[in-house]
Structures are given as C-alpha cells and as structure tokens.
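Structural features, examined
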Amino acid sequence: MIKLLLLDVDGTLNEGKIIYNADGQEIKHFNVKDGLALSSWLEMGRKIAIITGRKSSIVTQRAKELNIPLVFQGIRDKASVVKSIRKKYGYEKKEIAAIGDDVNDIGMFLESGLCYAPYDCSWLIMPYIDHHLKSYGGCGAVREMIENILLQEGCLNEFLALWK
C-alpha cells in the first residue's frame, strides 16, 4: 500500500509557468481537482510531502491550505530528502509514490517505489517512471495519479465514501 506521496511543484502541481505581476510578485495556478484529491488522501490517513527545487511563499501557502506539513523547498538533491523522510518516518521504498516532470526529479524517483509523470513531462525521465499520465501538469495530473493508486489498491470506495 502506498502511504506517502511525494510531489514536485512546478510542472506537476501547476503548469510549470512562472508568472510575475507588475509589482514583481510571483503568481502560481493550482488545480482544485488536485487539491480535492490531496485533501481526501490525507483524510484517508495517508501522508504527503512536497519536494521542490524552487522556493516560493505561494507553495508554503498552498501546503498550509491543504494541511501538508512536510514541505521542502529550494532542494537540488531530492534523493537525500526522500532518504531522510524514509529514515525519520520508517517508510519502505514500496510504500512511496512520487510525481515529477523533469530531470531534477530523477533522484526522487530512484528512492520511490512507484513513479508518475504528467503527460507533458520531459522525455528524458521516461525510463524512470512507471506511469505516464494522460493529464498535463497543473491540469489534474496529481488527481489522476491518486485515483490510479486507489484503483490499483482497491480503495476507490473509501475515497468516494468521504463525499457521500
């Protein structure tokens, strides 16, 4: 059973664009369908960690909104963060699923049991993933991953029961 999701941000939780307004403030778009699935995942007693190469107060805000306590920003070596999480919380590799879209996610993939990428990922990561999703980054890819995991585990009814 997958107990922990590892999420990249740019190109995965959002469409990978960096937008600045006239005042130089960064703007990111997040998909509410991804958010609903992530909140449900947590409500089912499972865990989530965000591991991203950039630093952004918007990511902190989104993680807080979704009640995701494990947020690692400005990370170049994602593999070492995953190893640290595994050691601290006692997760086995097979209990971890990761989603990312580019070469900086390869280390995270190597430390995870199940790996996903949005449809618009870099072709260079294809050898490192188990599932190439139909959804684009920021357009429901995380939701698709969660539904795929729950379907494989026979837990879709538990997910749906949260909303009945």
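Look a little higher up for the structure.
Quick notes on the overall build of the protein chain
Along the backbone of the protein chain there are six helices and eight strands. The burial tally for the protein chain puts 49% of its 164 residues in the buried class. In the protein chain, of all internal contacts separated by at least 6 residues, the share reaching a separation of at least 24 is 54%. Carbon and sulfur atoms form 52% of the exposed surface of the protein chain, whose accessible area is close to 8,500 Å². The distance from the centre of the 21 positive side-chain charges to the centre of the 21 negative ones in the protein chain is 5 Å.

Side note on the environment of Ile129
Turning to its location among the elements, Ile129 is positioned in the loop between β7 (114-117) and β8 (131-132). Owing to a relative accessible area of 13%, Ile129 belongs among the buried residues under this scheme. In this structure, the C-alpha to C-alpha distance between Ile129 and Gly113, residues 16 residues apart in sequence, is 9.9 Å. When sequence neighbours within four positions are dropped, the list of residues in contact with Ile129 reads Phe109, Cys115, Tyr116 and Ala117.

What about the nonpolar core?
The tendency in soluble globular proteins is for nonpolar side chains to be buried side by side. Among the nonpolar cores identified, the biggest contains 28 residues, and Leu5, Leu7, Leu38, Met145, Ile146 and Ile149 are the most heavily contacted of them. When contributions to this core are tallied by element, the ones reaching two or more residues are β1 (4-7), α1 (32-43), β4 (47-51), α2 (57-65), β6 (96-99), β7 and α5 (141-153). Among the elements that line this core, the one with the most residues is α5, at six residues. The residues touching Leu38, leaving out its near neighbours within four places in the chain, are Leu5, Leu7, Leu13, Ile48, Leu66, Val142 and Ile146. Grouped together as the second largest cluster of nonpolar side chains are 20 residues, Leu6, Leu70, Val82 and Ile106 included.

Some details on the packing of α1 against α5
Axis separation between α1 and α5 bottoms out at 7 Å; the angle between their running directions is 40°. In terms of their interaxial angle, α1 and α5 are classed as oblique. Of the two elements, α1 crosses α5, and the hand of that crossing is left-handed. Contacts from Lys33, Asp34, Leu36, Ala37, Leu38 and Trp41 in α1 reach Ala141, Val142, Arg143, Ile146, Ile149 and Leu150 in α5. Class assignment of the residues belonging to the contact of α1 with α5 gives a composition of nine nonpolar, no polar and three charged.

About the criteria used
Residues numbered from 1 in each chain as written. Predicted model: local features only at pLDDT ≥ 70, side-chain atom pairs only at ≥ 80, totals over all residues. Heavy atoms only, no water. Helix = DSSP H or I, 4+ residues; strand = E, 2+ residues; numbered from the N terminus. Buried < 20%, exposed > 50% of the residue type's maximum accessible area, 1.4 Å probe, protein only. Contact = heavy atoms within 4.5 Å. Areas by Shrake-Rupley, 256 points an atom, 1.4 Å probe, with all protein chains shown as cover. Lys, Arg positive; Asp, Glu negative; His and termini not counted. Charge placed at Lys NZ, Arg CZ, Asp CG, Glu CD. Core = buried A, V, L, I, M, F, W, Y, C linked by side-chain atoms within 4.5 Å. Axes fitted to C-alpha atoms, helices over the stretch in contact; angles between N-to-C directions. Parallel < 35°, antiparallel > 145°, perpendicular 65-115°, else oblique. Left-handed = near helix turned anticlockwise from the far one by under 90°. Nonpolar A, V, L, I, M, F, W, Y, C, P; charged D, E, K, R; others polar.

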